[in-house]
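Observations on the model geometry
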Amino acid sequence: MRDFFVLKLLDRMQWIFKALGADYAVLRRILQVKLTMDGRRTPTIFSGTQEPKLNMEGSPFRVQWLYLLLGLMLIALVAPADNYILTMSLMFSIVMFMITTTLISDFSTVMLDLRDKNILFSKPVDRRTLNMAKSIHILIYLLTLTLTFTGPSLLFSLFRHGALFFFLYAAEIILMDGFILVFTALVYLLILRFFDGEKLKDIINYVQIILSVGVTVGAQLVSRLFNITEFGLNFTPAWWHFALPPVWFGAPFELLVGGAEGRHLTILAVLALAAPVVLFAAYIRLMPLFERSLQKLAEQGASGQGTGRIARRLSEITCRNKVEAMFFRFTWSMMKHEREFKLRVYPTVGLSLVLPFIFIFNQVWSGDMAAIRGSRSFLFIYYSALLMMTAVQMLRYSTSYKGAWIYKVIPLPGTAMVYRGMLKAVVLKLLVPLFTLEAAVFLGLFGSRIIADMAAVLLALLLYSVLCFLLFPRALPFSEKYEAARRKEFTGSAFVQLFVLAGLAGIHYVFTLIPAGIYIYLVILAAANTWIWHRAFLPEDSGSSRLPTLRAGG
Amino acid sequence: MPKGERVVGNTEEPVISIEGLWMNYSDRMVLRGIDLEVYRGQIIGYIGPNGAGKSTTVKIMLGLVEGYSGSVRIFGRDISDGDTAYKRRIGYVPEVAELYDSLSAREYLTFIGELYGMKKADAELKAEKLMGLLNLNKAYDMRIASYSKGMKQKVLLIASMLHDPDILFLDEPLSGLDANSVMVVKEIFATLAARGKTIFYSSHIMDVVEKISSRIILLDGGDIVADGTFAQLREQSREGSLEEIFNQLTGFDKYRDIASEFVAVIGEGAPHA
């Protein structure tokens, strides 16, 4: 077991934890075990021959190159030496957006985890230490992520603006991470207090959607802070600035580095320090309550949730193959009940829901409505397919991944139909309802002239779903354990998928330039769909995509 | 075989004392007023049908489940006072093999030992010796994920006893063990009890409970329906084996009918017919 650098860093600060009432030795030990486990891979049922490097022990802190790359772009925001409130507020809104969405989608499961409790809390570990270990565990990851993301601009600022700016920036990053973590935890606590049983589990997912929508919209509001006039940028104080945390974090720069004054700015700057600290104090105090309320999630409500009639009907309509229909229903009900899947995917549902509108309203804000109605902005609806990226990727994971032995035991003719049933279930359960909702609003906004376009988008998205599936390495549904370390391997293909999506929107745009081109496009798309939904799921002939089981020889 | 028949008329301080324990989850009552006193050296066979409340009782005593009413005192102290120190003297084998299986047994057991307040080197050495005694010396440095069910169970057993606890809560502790290991482990329990340790043993395997327990407590629907030595229980119910006593006390006598109906249903509409 390695002694991680982070732990040595924590050793320097152990007085803080002791002051907060934790048993530092135990805390450190738990963290060490957790970090060690994060770096290890759990072999899956099918991993027999697929992963030769089974015992590879990676560091949980491998650099996320994508974040670093995106972080380089932030330098542009740090570069100007005036209007700090503008640039830094924008900066923090971007960073907060990235970090919060990552937190609620990737770490909600850790925050709401109960499995640990039986192992750790049956030992003489006090509640406070246990909770603190959990929070710090998450915080370590958040900070690593934030530092990768802000690292380039942080370094740049040291040379561009000097030490004061640099330290202010660094301190605020830590405050911000703490703020995000504690705020999210408190929101969860609130829900845990007010709801019970099955309802609670649903509500948590809705809150995730609301949170991600809130963060996205909030980040957008920040850019409305300023009136862009011919002479440059003006900052006009307004009451609603107090509701936007990124502005709090922007204010100290204007005050301390920019040398501005004013009550408005001072209050904002004080909030940047006070809000995280106050919330943190509240959090420490409420932690035992949080842990106790978590127990509610473990209660198995005698839930007689539907008999799956919808799934049955849909599977009959959409699947001709028996195996396909079976896995359609299986995936459908798993998506409905698998907490981990929902916790990871629902935040993206929120994002996919709101992003198309964000872009539209950006234009509404700057232009007039009539111009919008005549424009091709409806193409932004393609953003709703972001959901598929996450959903298809997440389908392979499950908390009960060990149940995947069932694939080995049942007489499956091949996996093609399993995958097709699975994909159809995701499309119908998540993508289609979301798209229908957005298309309805878009039709209201743009008028009936875009009906054909919306049909084309739907077809394009169906095509895209298959492409998403093809681009990710294959895995049977719900057969792997989720590991943060592994997910990084998918960033590459996720990137490619983004380009594919943009490409599809681009092609659509080209066809709208041709008179009646959209109808040609519709025909092409229909043909392409028929082809790909068939071609991608041919019964395996070469044996290359046979059921991994057969080779694992378990 | 009985390890001292001192169920009644005991003058010494009970190690566990439960009074009027009620517990309900949001929709149903799990425990309805349990009263129980347990003394040193007893092996309690804690039995009952599925959902009778056995695991809940144990989890309450471990502080894993809260929201009960009534009082639970362990080593003379009420456990609801927030001090978790009493857990230092308790060992626990949970029903499901929940452990960090991406760790090796060395790492896991050392970690657990440390959580119980042992020194790292002591825990590591002791765990290695115990692993060796249960024939796992070769597996000590392998990841637990690669273990068989029985090996995992042994690791759980070692983890529960590593710190020499005074009370052991065991939930199906023999599951997955081979016949030889079962004999070893049963003998370990008997020896520990003879040394004054208390063992709280939940299981569905009546033969084992019958043989190993010095006192049997039968729980049904959240109530204690029988409490006494095996001999006393047999006298009360005039049945031969614990299994029969269990069936009688829980009001279950239809096993033949159910079994034959079950087999009949299996034959219906089979795909290969």
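Only a predicted model underlies this, so the values are computations on that prediction, with no experimental measurement involved. (Residues numbered from 1 in each chain as written. Chains lettered and ligands numbered in written order. Predicted model: local features only at pLDDT ≥ 70, side-chain atom pairs only at ≥ 80, totals over all residues. Heavy atoms only, no water.)

Side note on the packing of aromatic side chains
Heads up, the condition is: Side-chain rings of Phe, Tyr and Trp (the six-membered ring for Trp) are treated as a pair once their centres are within 6.5 Å; stacked means planes under 30 degrees apart, edge-to-face means over 60, and tilted covers the remaining angles. Only runs of H or I of at least four residues qualify as helices and only runs of E of at least two qualify as strands under DSSP, and these elements are numbered from the N terminus. Each residue is placed in one exposure class: buried if its accessible area under a 1.4 Å probe, protein chains only, is under 20% of its type's maximum, exposed if it is over 50%, and partly exposed if it falls in between. Charges are assigned to positions over rings by a cutoff of 6 Å between ring centre and Lys NZ or Arg CZ, combined with an angular limit of 35 degrees from the ring normal.
Scanning the model with the defined rule gives 32 aromatic pairs over all chains in all. Taking the centre distance of 4.8 Å and the plane angle of 45° together, the rings of Phe165 of chain A and Phe253 of chain A count as tilted. Here the residue Phe165 of chain A occupies a position in helix α9 (residues 163-194), and Phe253 of chain A occupies one in helix α11 (residues 245-257), the gap between them amounting to 88 residues. No difference in accessibility class separates Phe165 of chain A from Phe253 of chain A, as the two residues are buried. Between Phe189 of chain B and Tyr201 of chain B, the ring centres sit 6.1 Å apart and the planes meet at 75°, which makes this aromatic pair edge-to-face. Of the two residues, Phe189 of chain B sits in helix α5 (residues 179-194) while Tyr201 of chain B sits in strand β8 (residues 198-202), which places them 12 residues apart along the sequence. Exposure remark for Phe189 of chain B: the relative accessible area of 0% places this residue in the buried category. Here the guanidinium or amino end of Lys87 of chain B rests over the ring plane of Phe121 of chain A, the centre of that ring lying 3.5 Å away. The lysine or arginine in question, Arg89 of chain B, covers the ring of Phe75 of chain B, its NZ or CZ lying 3.6 Å from the ring centre.

Topic: a nonpolar patch on the surface
Just so we agree on the cut-off: Residues enter a patch when their relative accessible area is above 30% and they make no salt bridge; the linking distance is 9 Å between like charges and 5 Å between nonpolar side chains (Val, Leu, Ile, Met, Phe, Trp, Tyr). Computed with a 1.4 Å probe, the accessible areas rest on the Shrake-Rupley method; for each residue, only the protein chains presented here act as cover. Whenever Lys or Arg places a side-chain nitrogen within 4 Å of a carboxyl oxygen from Asp or Glu, that contact is recorded as a salt bridge.
Taken together, the side chains of Tyr509, Val510, Leu513 and Ile514 of chain A present a nonpolar region at the surface, about 360 Å² in accessible area. With respect to the element layout, Tyr509 of chain A can be found in helix α22 (residues 491-513).

Let's talk about the side chain of Lys54 of chain B
Residues and elements named next belong to chain B. Inclusion rule: The convention is simple: Lys and Arg are positive, Asp and Glu are negative, and His and the chain ends are not counted. For this analysis, a polar contact is any N or O atom pair within 3.5 Å, provided that within protein one partner can donate a hydrogen and the other can accept it, and provided that sequence-adjacent residues contribute only side-chain to side-chain pairs.
With respect to the secondary-structure elements, Lys54 resides in helix α1 (residues 54-61). One buried charged side chain, Lys54, makes no salt bridge at all; its nearest oppositely charged neighbour is Asp171, positioned 6.7 Å away. For Lys54, the side chain forms a polar contact with the main-chain oxygen of Pro49, separated by 3.4 Å.

Quick word on helix α9 (residues 255-267) of chain B
Each α-helix winds once per 3.6 residues, and so residues spaced three or four apart point in a common direction. Going by this rule: For a helix, the expected span equals 1.5 Å multiplied by the residue count minus one.
Between the first and last C-alpha of α9 of chain B there are 19 Å, a value that for 13 residues agrees with the 18 Å anticipated at 1.5 Å per step. In the segment just after α9 of chain B, Gly269 of chain B is the residue with positive phi, at about 45°.

Some remarks on the environment of Arg160 of chain A
All names here are of chain A. What counts, and what does not: The contact criterion used is simple: two residues touch if any of their non-hydrogen atoms lie within 4.5 Å.
Note on placement: Arg160 falls in helix α8 (residues 127-161). Residue classification places Arg160 among the partly exposed residues on the basis of a relative accessible area of 41%. In this structure, the C-alpha to C-alpha distance between Arg160 and Ala81, residues 79 residues apart in sequence, is 8.4 Å. Once residues lying within four places of it in the same chain are set aside, the contact partners of Arg160 are Ala79, Pro80 and Ala81.

Section: the pairing of strand β1 (residues 16-24) of chain B
Residue and element names in this part refer to chain B. The criterion, for reference: In this scheme, strands are said to pair when DSSP sees at least two bridges between them.
Sheet topology places β1 next to strand β4 (residues 69-74); five bridges connect them, and they run antiparallel. The residue bridging Ile18 from the neighbouring strand is Val72, located in β4. In this sheet, strand β2 (residues 29-38) lies alongside β1 in antiparallel orientation, the contact comprising seven bridges. Counted as the bridge partner of Ile16 is Val38 from β2.

Structural notes on the interface of chain A and chain B
Here is the rule: Buried surface area refers to the total accessible area, computed with a probe of radius 1.4 Å, that the two partners give up upon joining, counted for both partners together.
Facing 32 residues of chain A, the contacting portion of chain B comprises 32 residues. In total, chain A and chain B occlude about 3,000 Å² of area from one another, counting both sides; carbon and sulfur atoms represent 55% of this. Counting across the interface, chain A meets chain B through three salt bridges. Linking Arg29 of chain A and Glu114 of chain B is a salt bridge whose minimum nitrogen-to-oxygen distance equals 2.4 Å.

Looking at the domain arrangement of chain A
Residue and element names in this part refer to chain A. Note the threshold: By convention here, the domain bounds are inherited from an automatic or database domain assignment. Residues are sorted three ways: Asp, Glu, Lys and Arg are charged, Ala, Val, Leu, Ile, Met, Phe, Trp, Tyr, Cys and Pro are nonpolar, and all the rest, Gly among them, are polar.
Partitioning chain A into structural domains gives domain 1 (14-37 + 57-298) and domain 2 (317-552). Each of domain 1 and domain 2 has a C-alpha centre, and these two points are 31 Å apart. Between domain 1 and domain 2 lies a buried interface of about 2,300 Å² when both sides are counted; carbon and sulfur atoms form 63% of it. The tally of links between domain 1 and domain 2 comes to zero salt bridges. Inspection of the domain 1/domain 2 interface yields two residue pairs in polar contact (both at pLDDT 80 or more). Those elements that place two or more of their residues in the side of domain 1 that touches domain 2 are α6 (84-111) and α10 (197-222). Tallying contributions element by element places α10 first for the side of domain 1 that touches domain 2, with 11 residues. Each residue belonging to the side of domain 1 that touches domain 2 can be placed in one class, and the counts come to 11 nonpolar, 10 polar and six charged.

A look at the pattern of salt bridges
Scanning the model with the defined rule gives 17 salt bridges over all chains in all. Across the pair Asp116 of chain A and Lys34 of chain A runs a salt bridge, and its minimum N-O distance is 2.1 Å. In this pair, Asp116 of chain A sits in helix α7 (residues 115-120) while Lys34 of chain A sits in helix α3 (residues 24-38), placing the two residues 82 residues apart along the sequence. A salt bridge links Arg420 of chain A to Glu324 of chain A; its shortest N-O distance comes to 2.9 Å. Of the two residues, Arg420 of chain A sits in helix α19 (residues 416-446) while Glu324 of chain A sits in helix α14 (residues 322-337), which places them 96 residues apart along the sequence. The same class applies to Arg420 of chain A as to Glu324 of chain A, namely buried. Through salt bridges with shared partners, a single network forms among Arg89, Asp164, Asp166 and Lys197 of chain B.

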